[in-house]
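# Survey of secondary and tertiary structure
Below are the chains, spelled out letter by letter.
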Number of protein chains: 2
Amino acid sequence: MGTKKYVYAFEQGDGKNKELLGGKGANLCEMTRIGLPVPPGFVITTESCLSYLDQKKKGLQAEVVKQIREAMAELEKKTGKGFGDAKNPLLVSVRSGAAMSMPGMMDTILNLGLNEDTVKGMIRLTKNERFVYDLYRRLIQLFCSISLGMEDDNFDHIFNKIKDKYKAKEDVDLDAKALKETCDQFLEIVKKKTGKPFPQDPYEQLELAVEAVFKSWTGKRAVDYRREFKITKEMADGTAVNICTMVFGNMGDHSATGVAFTRDPATGDNRFFGEYMINAQGEDVVAGIRTPEPIRQLRKEMPDVYPELEELRHTLENHYREVQDLEFTIEKGKLYCLQTRNAKMNASAFIKTSIDMVNEGLISEEEALLRVQPDMLAQLLYPQLDPNAKVEVLAQGLPASPGAASGKIVFDADRAESKAKLGEKVILLREETKPEDIHGFFAAQGILTSRGGKTSHAAVVARSMGKPCVSGCEAIEITPSSKEAVISGVSLREGDMITIDGTTGNIYQGKVPTIEPEFVEDLLVLLEWADEISDLQIMANADTPDAVSKAKKYGAMGIGLCRTERMFNQPKRLPIVQEMILAETTEERQAALDRLLPFQREDLKEIFRIMDGYPVTIRLLDPPIHEFLPSADELVQEIDHLKELRNTVGGMAALPDTLKMLDPELHERYAANLEAITQGLEELKSEHLTVDLIESKEIMLKKVRTLSETNPMLGHRGVRLGITYPEIYAMQIRAILEAAAEHIGDGGKIIPEIMVPQVCTLEELKWVHGFVVDIQKGVEKKFKIKVPYEFGTMVEVVRACMRAGRLAELAEFISFGTNDLTQATFSFSREDAETKFLPLYEESGILQDNPFEVLDIKGVGRLMMITMEWARKTRKDMKVGICGEQGGHPDAIRFCHYIDMTYVSCSPPRVPIARLAAAHAKLKEGEYSIV
Amino acid sequence: MGTKKYVYAFEQGDGKNKELLGGKGANLCEMTRIGLPVPPGFVITTESCLSYLDQKKKGLQAEVVKQIREAMAELEKKTGKGFGDAKNPLLVSVRSGAAMSMPGMMDTILNLGLNEDTVKGMIRLTKNERFVYDLYRRLIQLFCSISLGMEDDNFDHIFNKIKDKYKAKEDVDLDAKALKETCDQFLEIVKKKTGKPFPQDPYEQLELAVEAVFKSWTGKRAVDYRREFKITKEMADGTAVNICTMVFGNMGDHSATGVAFTRDPATGDNRFFGEYMINAQGEDVVAGIRTPEPIRQLRKEMPDVYPELEELRHTLENHYREVQDLEFTIEKGKLYCLQTRNAKMNASAFIKTSIDMVNEGLISEEEALLRVQPDMLAQLLYPQLDPNAKVEVLAQGLPASPGAASGKIVFDADRAESKAKLGEKVILLREETKPEDIHGFFAAQGILTSRGGKTSHAAVVARSMGKPCVSGCEAIEITPSSKEAVISGVSLREGDMITIDGTTGNIYQGKVPTIEPEFVEDLLVLLEWADEISDLQIMANADTPDAVSKAKKYGAMGIGLCRTERMFNQPKRLPIVQEMILAETTEERQAALDRLLPFQREDLKEIFRIMDGYPVTIRLLDPPIHEFLPSADELVQEIDHLKELRNTVGGMAALPDTLKMLDPELHERYAANLEAITQGLEELKSEHLTVDLIESKEIMLKKVRTLSETNPMLGHRGVRLGITYPEIYAMQIRAILEAAAEHIGDGGKIIPEIMVPQVCTLEELKWVHGFVVDIQKGVEKKFKIKVPYEFGTMVEVVRACMRAGRLAELAEFISFGTNDLTQATFSFSREDAETKFLPLYEESGILQDNPFEVLDIKGVGRLMMITMEWARKTRKDMKVGICGEQGGHPDAIRFCHYIDMTYVSCSPPRVPIARLAAAHAKLKEGEYSIV
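Residues numbered from 1 in each chain as written. Chains lettered and ligands numbered in written order. Predicted model: local features only at pLDDT ≥ 70, side-chain atom pairs only at ≥ 80, totals over all residues. Heavy atoms only, no water.

### A few points about the overall build of chain A
Along chain A, the regular secondary structure elements total 37 helices and 31 strands. For a compact globule of 931 residues, the expected C-alpha radius of gyration is about 30 Å, and chain A comes in at 37 Å, more than 25% above that figure. Referenced to the eigenvectors of the C-alpha coordinate spread, the extents of chain A come out at roughly 110 × 85 × 55 Å. In chain A, which comprises 931 residues, the share counted as buried stands at 56%. Restricting to contacts in chain A with at least 6 residues of sequence separation, those with at least 24 account for 69%. Approximately 40400 Å² of chain A is accessible, and the part contributed by carbon and sulfur atoms is 49%. If you average the places of the 118 positive and of the 143 negative side-chain charges in chain A, the two averages end up 4 Å apart. (Helix = DSSP H or I, 4+ residues; strand = E, 2+ residues; numbered from the N terminus. Rg over C-alpha atoms; globule rule 2.2 N^0.38 Å. Buried < 20%, exposed > 50% of the residue type's maximum accessible area, 1.4 Å probe, protein only. Contact = heavy atoms within 4.5 Å. Areas by Shrake-Rupley, 256 points an atom, 1.4 Å probe, with all protein chains shown as cover. Lys, Arg positive; Asp, Glu negative; His and termini not counted. Charge placed at Lys NZ, Arg CZ, Asp CG, Glu CD.)

Okay, here's the thing in structure tokens:
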């Protein structure tokens with residue numbers, strides 16, 4: 001049985017053995033082993049720490065001390081310097097390092113080995129007295145507080161007095177003399193407080209420092225940290241100590257220091273990129289006192305060293321197979337690599353380098369895919385605020401639809417439209433939006449509302465259009481009548497410029513520069529690789545031909561959710577929809593529906609044309625119909641206003657007669673004008689302020705009140721509407737099948753998928769299916785052509801989950817509507833929850849995430865799993881998808897893949913993110929499990 | 001191989017063999033076999049029918065004819081009459097009868113065997129020419145239309161003409177002559193239409209009739225019926241034919257006819273009860289031409305026959321072991337029993353006879369229990385409208401709380417209280433009620449509202465108090481300011497009398513007599529038997545000491561749901577609750593809560609005292625707090641009104657001065673009065689119309705608007721409130737534990753069960769549990785006594801079902817809140833669903849029941865089963881209950897028993913029903929299964 005090995009030189013350690021060497025130590029060994037010019041050093045193992053802590057007596061064990069001394073002798077040999085040698089002093093750093101990164105343990109001590117003698121030697125070598133005394137005073141303070149347990153106050157007090165004396169504001173204002181004075185006083189206080197002088201023996205310094213690191217493992221901060229983050233003994237036990245040679249880039253003109261990237265981090269181009277300074281140390285580069293040189297200059301200035309640096313670059317990339325961000329120092333012509341880590345890059349550069357590395361044979365396609373985080377793609381898909389712009393946030397609302405936009409404020413949709421026609425960029429600012437504002441959405445750059453959550457009309461419509469939206473910003477008070485708003489105390493009027501960031505919810509005064517997204521070529525390559533790997537199909541939620549085109553562009557493999565009611569939301573169509581709702585008889589309703597049919601059919605035909613050959617799932621009318629009418633409050637105001645106007649106009653009609661009586665002469669003089677005015681008013685009255693108009697508004701108000709609901713989320717909607725007003729669904733089904741017939745007649749391919757919302761029992765499905773069968777027969781007869789279709793249901797009502805086995809008897813596909821399903825599962829109304837208690841729930845950790853943003857796998861997900869199990873028991877090959885908002889998020893996609901779903905459907909701009917996430921889900925399926 | 005037996009005399013047939021003999025035939029055989037004096041007869045088997053239908057050729061098979069003739073010969077022997085014998089003619093009836101009762105097959109033909117000769121014989125025997133010709137003309141028409149396929153029109157035409165001729169309005173107005181003329185003309189038309197005379201040979205009549213019955217099995221009506229009701233061949237194949245001797249009670253003074261009950265159906269007393277008429281037939285008794293005699297009179301009038309009737313009575317009860325309702329005829333001193341069936345009785349008589357029969361050893365306790373349908377008990381628990389009262393329904397609302405009540409209309413709670421103090425009975429009529437109306441509920445006999453469903457405030461509170469309530473009666477228009485209402489066009493003012501029936505939802509003008517319930521002694525006996533058998537515990541939902549007392553009286557085995565917020569709803573407490581809600585700071589809120597604490601503690605202490613030793617489950621605050629404030633609309637009106645009044649009063653202050661200026665003399669005269677008035681007004685203004693008051697209302701309005709929610713059902717309530725306003729739950733927990741401490745200190749026994757509502761994740765439970773633990777420590781210290789408790793959760797949020805395994809780590813019991821759980825499972829808001837689409841859903845069969853009334857076992861029930869499985873996986877002995885409204889309904893109770901729940905909790909008056917239902921569930925558990 002030989003002696004236990006407590007100390008490993010960097011070149012001896014096993015780069016994987018973090019348990020023994022700690023994370024940092026293992027990493028240093030790894031770098032050394034692959035031939036990087038790491039400054040020489042060694043690791044004292046975690047076992048040393050544990051046996052140190054185990055023993056009763058004080059002090060390091062003799063064997064450990066012995067091995068440290070041997071390792072130091074080795075270091076001296078390698079560096080040609082001497083530990084404590086005044087002529088060519090070897091200085092070292094001491095760092096802790098457990099198996100897991102763990103803040104709260106001992107800090108780094110640098111420059112161990114400095115004492116009265118070596119300080120002088122260093123001054124000779126660096127010719128920089130100020131630099132050396134600065135190192136020394138830091139060493140004294142740090143060493144004494146850490147290793148000897150002295151209070152920092154002792155030193156701070158002295159140092160502040162020195163600064164006062166030399167009228168120095170900052171540390172850097174002190175010169176060599178002042179710093180030397182500081183060192184002298186520090187040494188005095190150490191002697192006074194500890195009864196012993198500051199250890200001049202470098203080995204004594206070193207051994208005390210190692211002991212201090214060992215002890216810090218059981219210090220309060222470290223113990224608390226491990227308890228807080230539940231770090232068990234199995235995960236990390238004891239800390240290692242890393243001893244590393246100090247190197248200096250300010251040792252003369254053949255010394256330098258710099259930072260570099262192995263490729264250009266801004267563009268991703270495969271060229272060496274970085275900067276350096278001759279005769280400087282890292283801090284000088286950061287401080288910006290001199291301007292650093294570009295790295296290519298080094299080739300000329302140090303032709304002997306530069307090739308080593310180039311080699312370093314290649315070694316790093318070959319080993320780490322990612323672009324590296326490295327720090328290097330050249331000490332008297334010798335290159336050292338002090339640190340290397342994966343370079344931070346913007347998304348397009350990151351994607352470019354990943355693809356390049358595949359082409360260079362460095363990494364596989366799978367590795368390239370896994371390297372790019374799906375959410376990173378958002379940068380390439382939405383406009384972003386310029387990160388360099390220095391701006392102050394005016395207010396914050398809910399981040400309702402991502403992307404940034406600037407524009408002039410308008411307070412209504414009509415103004416948005418008219419201003420946009422003049423070429424102006426506008427932001428539509430409303431308390432909340434309604435379907436009748438839809439032309440304002442088309443016209444505006446972005447939408448801002450003072451009320452409503454992330455599922456408010458504004459949010460949902462904006463997302464579906466891919467326009468930025470900030471909703472529910474309660475700091476905004478709007479007075480629409482005077483076209484004014486006050487945002488966090490700042491008054492704004494129509495035409496004032498603002499900027500909104502729908503990714504963060506922030507609102508800014510004025511125009512903040514934005515960066516437009518570019519759908520880069522490299523991304524297309526990456527996503528094609530992704531599609532080849534994924535099992536999940538990625539579909540899009542898109543309701544209009546425009547949105548469908550966009551979805552196609554983003555690579556959607558079909559439309560997973562086409563909400564027919566969105567086709568109603570257009571200025572020409574909405575009045576017909578309202579007519580349909582206000583109809584007193586079935587005949588009147590049918591007449592309105594007959595006029596809606598062509599709109600719906602033509603839109604669908606166009607969608608089928610764009611998505612020719614791909615699946616298109618069309619959902620029948622879902623929202624409660626009162627959503628298509630103005631609110632009761634609005635109508636009451638409008639009616640009051642109209643009545644008042646009418647009275648006023650009526651009163652003014654008497655004006656000429658009154659004037660005639662009071663002052664005939666005056667009347668005579670203005671008779672013609674008066675006549676013109678009163679005639680104008682009469683026209684106004686008879687044309688715009690008619691009794692009929694007021695009455696029609698009153699009828700609408702009555703209807704709105706009749707239709708109003710206590711809990712609209714749980715109300716008269718979806719298939720419930722379809723069953724109470726069968727003619728509405730009949731029209732929609734006809735539109736779908738006729739559009740398909742025409743498309744097929746034109747030589748196209750389509751099997752429309754008809755989807756029924758809010759279903760809770762098989763009987764509802766049967767009812768609608770009966771309609772479909774009848775109408776299909778009629779359409780096939782009329783068009784003399786076969787019109788195939790698939791029939792399916794949304795699953796967004798919990799009871800549908802419980803009855804999935806039965807629903808599957810008729811439903812050929814199901815699609816989870818996780819927005820509604822989440823509301824029903826939690827009994828949270830999103831609008832109420834997000835303003836009233838969800839923030840507190842998240843803050844206090846009662847819920848880890850907002851379930852409307854992050855799919856709740858433990859609750860909603862569990863329900864989905866049960867549902868799928870039962871559904872596929874009845875229909876083995878049941879096509880199952882998800883079309884709620886969470887469907888486009890990587891976590892949800894991972895879960896959907898895991899439970900063997902067929903597809904996910906999300907808003908068009910999220911399609912690329914989802915495609916990548918689906919590939920990740922497949923590649924990492926082995927690691928996944930559900931708690 | 002002998003000849004097949006096609007014909008069974010009643011005494012030969014196996015009373016169980018319905019397949020062969022048909023249901024009716026088997027029954028006649030059964031009656032005969034147990035010795036009842038059924039008129040003799042026989043059954044022609046279903047096999048005869050099938051082989052008749054199988055053969056190609058027409059006519060009955062020879063063997064069947066032969067066996068019929070033999071059976072007829074036997075009949076002649078038994079009755080001493082001859083088939084076709086003019087002196088003493090035997091007449092028979094012919095009836096179809098398959099294995100299952102099946103309307104749509106051949107009707108009965110009576111009096112077969114009548115012809116020109118036997119008619120005369122019958123006239124001689126009955127001395128009633130009119131009677132015999134009436135029989136004959138009926139036979140001709142029925143026989144010819146059924147057996148010979150003649151159109152009824154032929155006969156109807158003749159008969160109408162005869163009636164015209166004799167100026168007879170009705171059939172009974174025709175005398176013997178007219179009826180004879182009818183018969184003659186009928187016989188003529190038969191001959192003319194069929195080419196043959198009406199068959200005078202009785203055997204020809206009989207065989208044609210039997211054939212007609214056989215054929216009717218494959219007739220369109222019968223085939224359609226079987227298809228419609230899915231009656232397969234296995235269930236019934238072919239029809240039997242029943243031939244039965246006709247007997248007549250009008251054969252002279254030693255003949256009679258009557259009906260009787262084996263016990264008194266009104267009281268349940270064990271005495272023979274019924275009436276009869278000498279020399280009459282059944283129709284005479286019904287027609288009421290003569291007054292029938294009570295049955296005891298028969299003992300005197302026919303002492304020879306009466307003992308037979310008494311014997312019949314005992315035979316029937318001994319065999320059927322239920323009170324029988326029988327029809328009998330005495331033909332010339334011979335008693336016949338024509339029919340017997342279980343007697344219909346009111347609930348108390350039914351229970352009395354059932355218990356008596358147990359005591360008499362006729363039936364077992366289990367049989368007695370099973371005989372009483374739980375819902376029948378409602379008659380004994382709620383006041384009922386007198387079924388004899390002839391009244392017209394004025395309008396109908398929703399049957400929101402069972403029972404009937406009359407009273408004078410009042411339009412607000414204060415009036416209800418003041419009138420009730422004067423001893424008047426009042427009905428509180430409101431558009432809808434609010435917590436602040438609670439004193440009106442106490443004062444009123446019943447509650448009537450024009451808005452709101454069966455879960456509206458009015459409905460829920462009334463049910464919990466056991467007071468009748470009709471809610472959401474949309475036919476009512478109320479003008480509270482003028483204390484007037486119009487109900488279905490009838491104007492009613494305060495003080496007008498109305499009656500409401502909360503069991504049906506009907507509203508009546510004036511006072512309708514009601515029958516008060518009596519909690520009969522027998523019921524107590526029955527329920528004790530039930531309790532011995534049941535596995536399920538029956539608890540009550542009760543929130544106040546009064547309601548808890550009632551629950552105890554009804555036999556509740558504990559309180560399953562005590563809603564703490566109900567204790568807030570009292571005139572003295574509500575203002576403090578409002579203060580608590582309006583508090584701007586935590587300190588203000590705490591101050592209000594400190595004042596609420598004693599109320600809550602004292603109520604709970606009283607409840608613990610009443611239920612000493614029984615479990616009491618107390619639910620922490622559940623409803624959204626805006627429910628304790630007036631509605632925004634109400635406040636706006638009130639503020640406008642106050643402001644207007646203030647202005648008016650202000651204006652009138654100037655009155656004296658104005659008058660003085662205009663007419664000093666008049667002013668002088670009324671100066672004193674004016675001064676008094678203006679001073680009065682000033683006082684009014686300064687006391688009741690203060691600016692402060694208006695401001696406080698405005699502050700409340702603002703708060704109401706802040707608290708308003710889009711979907712209150714899914715809003716800021718339950719534990720979500722408890723977490724956002726921790727001081728509220730802290731107060732309630734303290735009240736519970738202090739009340740328990742005091743009760744225990746007084747020598748009582750209680751382990752309060754603290755229940756948290758609206759839970760969706762374990763973290764919420766942990767949070768509340770932390771509070772409980774802390775407060776318990778404090779209370780135990782303060783009272784120097786151990787205060788045990790149990791901690792549990794409502795399960796009414798779907799996510800709680802999904803997380804049941806985790807919740808069970810902390811929850812010692814769970815209680816399903818099926819009201820909310822049903823809403824969440826269906827995504828139906830009850831208030832909206834019941835007015836907007838549920839009626840259509842039920843009508844069209846999309847849902848079989850309203851899931852808010854009948855527990856939805858397939859959906860909600862399935863969820864409950866999953867929940868229990870997961871919960872008991874974690875905590876094997878988990879106590880599980882249900883406290884939703886459906887909990888008191890027998891179907892739900894059956895399900896709860898089946899899935900091994902621990903208890904059900906329902907409103908106090910439903911406790912007896914639930915106790916009985918629980919026994920039924922246990923006794924019938926073998927028959928139960930879930931589809």
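Let's pick the thread back up.
### Structural notes on the relation of the copies chain A and chain B
For the pair of chain copies, the relating transformation is a rotation about an axis with a translation along it. For the pair chain A and chain B, the superposition axis carries a translation of 0.1 Å, the fit reaches an RMSD of 0.4 Å, and the rotation angle comes to 180 degrees. Put plainly, the chains are arranged around a two-fold axis. Relative to the rotation axis, the C-alpha of Asn711(A) is the closest in chain A, positioned 2.0 Å from it. Same-surface contact between copies: 100% of interface residues of chain A are shared with the interface of chain B. (Least-squares fit on C-alpha atoms with pLDDT ≥ 70 in both.)

### Side note on the pairing of strand S28 (residues 790-795) of chain A
Residues and elements named next belong to chain A. Buried residues dominate S28, accounting for 5 of its 6 residues. Where strand S27 (residues 753-756) meets S28, 4 bridges bridge the pair, whose relative direction is parallel. For glutamate 753, the partnering residue across the bridge sits in S28 and is glutamate 790. Handedness of the S27-helix H29 (residues 762-783)-S28 crossover: right-handed. The pairing of S28 with strand S29 (residues 813-816) spans 4 bridges and is classified as parallel. Within S29, the position partnered with methionine 794 by the bridge is serine 815. (Pairing = 2+ DSSP bridges. Right-handed = clockwise from strand over helix to strand, strands pointing away.)

### Some points on helix H4 (residues 116-126) of chain B
Residues and elements named next belong to chain B. Those residues of H4 that fall on the buried side of the exposure criterion are Thr118, Val119, Gly121, Met122, Ile123 and Thr126. Elements in contact with the buried residues of H4: helix H5 (129-147). The first or second residue beyond H4 is lysine 127, which carries a positive phi of 55 degrees.

### Describing the sheet that holds strand S5 (residues 239-245) of chain B
All names here are of chain B. Overall, antiparallel pairing links the 5 strands, which are arranged S1-S2-S5-S3-S4 in an open sheet. Edge positions in the sheet fall to strand S1 (7-9) and strand S4 (109-112), since each of these pairs with one other strand and no more. With strand direction ignored, the average angle separating the axes of adjacent strands in the sheet is 25 degrees. As paired elements, strand S3 (residues 92-98) and S4 share 2 bridges and run antiparallel to each other. Each residue of the ladder has a partner; that of valine 94, found in S4, is isoleucine 109. Taken strand by strand, helix H8 (residues 202-216) contacts strand S2 (41-44), S3, S4 and S5, and its axis lies near 150 degrees from that of S5. (Axes fitted to C-alpha atoms, helices over the stretch in contact; angles between N-to-C directions.)

### Focus: the sheet that holds strand S21 (residues 497-501) of chain B
Residues and elements named next belong to chain B. A sheet is described by the order of its strands in space; here 8 strands give the open sequence S12-S22-S21-S14-S15-S16-S17-S13, paired in mixed fashion. Each having just a single partner strand, strand S12 (395-396) and strand S13 (398-401) make up the two edges of the open sheet. Relative to strand S17 (residues 469-471), S13 runs antiparallel, the two being bridged by 3 bridges. Directly across from proline 399, in S17, lies its bridge partner valine 470.

### Brief notes about unusual backbone geometry
Residue and element names in this part refer to chain A. Its identity is not glycine, yet serine 488 carries a phi of approximately 45 degrees, on the positive side. Within the fold, serine 488 resides in the loop between strand S19 (484-487) and strand S20 (490-493). Since its relative accessible area comes to 40%, serine 488 is described here as partly exposed.

### Overview of a negative patch on the surface
Negative charge collects at one region of the surface, where Asp633(A), Glu634(A), Glu436(B), Asp633(B) and Glu634(B) lie side by side. Secondary-structure elements contributing two or more residues to the negative patch are helix H23 (632-653) of chain A together with helix H23 (632-652) of chain B. Its location among the elements puts Asp633(B) in helix H23. Classification of Asp633(B) as exposed rests on a relative accessible area of 62%. (Patch = residues over 30% accessible without salt bridge, like charges linked within 9 Å, V, L, I, M, F, W, Y side chains within 5 Å. Salt bridge = Lys/Arg side-chain N within 4 Å of Asp/Glu carboxyl O.)

### So, the packing of helix H36 (residues 890-898) of chain B against helix H37 (residues 911-923) of chain B
Residue and element names in this part refer to chain B. Contact geometry of H36 with H37 gives a least axis separation of 9 Å together with a crossing angle of 50 degrees. One finds that H36 runs oblique with respect to H37. In this structure, the crossing between H36 and H37 has a hand that is right-handed. Contacts between H36 and H37 involve Pro890, Ile893, Arg894 and His897 from the former and Ile913, Ala914, Ala917, Ala918, Ala921 and Lys922 from the latter. Looking at the contact of H36 with H37 residue by residue, the classes come out as 7 nonpolar, 1 polar and 2 charged. (Parallel < 35°, antiparallel > 145°, perpendicular 65-115°, else oblique. Left-handed = near helix turned anticlockwise from the far one by under 90°. Nonpolar A, V, L, I, M, F, W, Y, C, P; charged D, E, K, R; others polar.)

### What to know about the interface of chain A and chain B
Counting residues at the interface gives 48 residues for chain A, matched by 48 residues for chain B. Between chain A and chain B the total buried area reaches about 4500 Å² when both faces are included, carbon and sulfur atoms providing 61% of it. Remark: the boundary between chain A and chain B carries 2 salt bridges. Applying the counting rule to chain A against chain B returns 27 residue pairs in polar contact (both at pLDDT 80 or more). The set of elements that each furnish at least two residues to the side of chain A that touches chain B consists of helix H26 (691-707), helix H27 (719-724), H29, helix H30 (798-802), helix H32 (818-826), helix H33 (830-836), helix H34 (838-843) and helix H35 (857-874) of chain A. For the side of chain A that touches chain B, the residue count by class is 22 nonpolar, 13 polar and 13 charged. (Buried area = accessible area lost by both parts, 1.4 Å probe. Polar contact = N/O pair within 3.5 Å; in protein donor to acceptor, adjacent residues only side chain to side chain.)

### Section: helix H2 (residues 46-54) of chain B
Residues and elements named next belong to chain B. Taken residue by residue, H2 has Thr46, Ser48, Cys49 and Tyr52 as its buried positions. Down the axis of H2, the buried side of the element spans an arc of 155 degrees, and every buried residue falls inside it. Looking at the buried residues of H2, the elements they touch are helix H1 (18-33), S2, helix H3 (62-79), H8 and S5. (Arc of directions from axis to C-beta.)

### Things to note about the packing of aromatic side chains
Within the structure shown, the criterion is met by 28 aromatic pairs over all chains. Measuring from centroid to centroid gives 6.4 Å for Phe828(B) and Tyr841(B), while their planes differ by 85 degrees, and the two rings are edge-to-face. One end of the pair, Phe828(B), is in the loop between helix H32 (818-826) and helix H33 (830-836); the other, Tyr841(B), is in helix H34 (residues 838-843), with 13 residues separating them in the sequence. You can call Phe828(B) buried: its relative accessible area is 0%. Grouped by ring-pair contacts, the aromatic residues Phe826(A), Phe828(A), Phe837(A) and Tyr841(A) constitute a single cluster. Over the face of the ring belonging to Tyr203(A) we find Arg69(A), whose NZ or CZ atom lies 4.3 Å from the ring centre. (Phe/Tyr/Trp six-rings, centres within 6.5 Å; stacked < 30°, edge-to-face > 60°. Lys NZ or Arg CZ within 6 Å of the ring centre and 35° of its normal.)

### Some details on the pattern of salt bridges
Any two side chains of opposite charge can pair if their charged atoms end up close together. Scanning the model with the defined rule gives 121 salt bridges over all chains in all. Between Glu753(A) and Lys879(A) there is a salt bridge, with the nearest N and O atoms lying 2.5 Å from each other. Of this pair, Glu753(A) sits in strand S27 while Lys879(A) sits in strand S30 (residues 879-882), and the two are 126 residues apart along the sequence. Across the pair Asp543(B) and Arg563(B) runs a salt bridge whose closest N-O atoms are separated by 3.0 Å. One end of the pair, Asp543(B), is in the loop between strand S24 (537-541) and helix H20 (545-553); the other, Arg563(B), is in strand S25 (residues 559-563), and 20 residues separate them in sequence. This pair shows no difference in class: Asp543(B) is buried, exactly as Arg563(B) is. A network of salt bridges, in which partner residues are shared, links Arg601(B), Glu602(B), Lys605(B), Arg734(B), Glu738(B), Glu742(B), Asp746(B) and Lys782(B).

### Observations concerning the confidence of the model for chain A
For residues with low pLDDT, the predicted coordinates do not support detailed interpretation. The predicted model of chain A has a mean per-residue pLDDT of 90, with 98% of residues at 70 or higher. Across the predicted assembly, pTM comes out at 0.78 and ipTM at 0.77. (pLDDT = per-residue confidence, 0-100.)

### Some details on the environment of Gly650(A)
Relative to the assigned elements, Gly650(A) resides in helix H23. For the pair Gly650(A) and Leu338(A), spaced 312 residues apart in the sequence, the C-alpha separation amounts to 88 Å.

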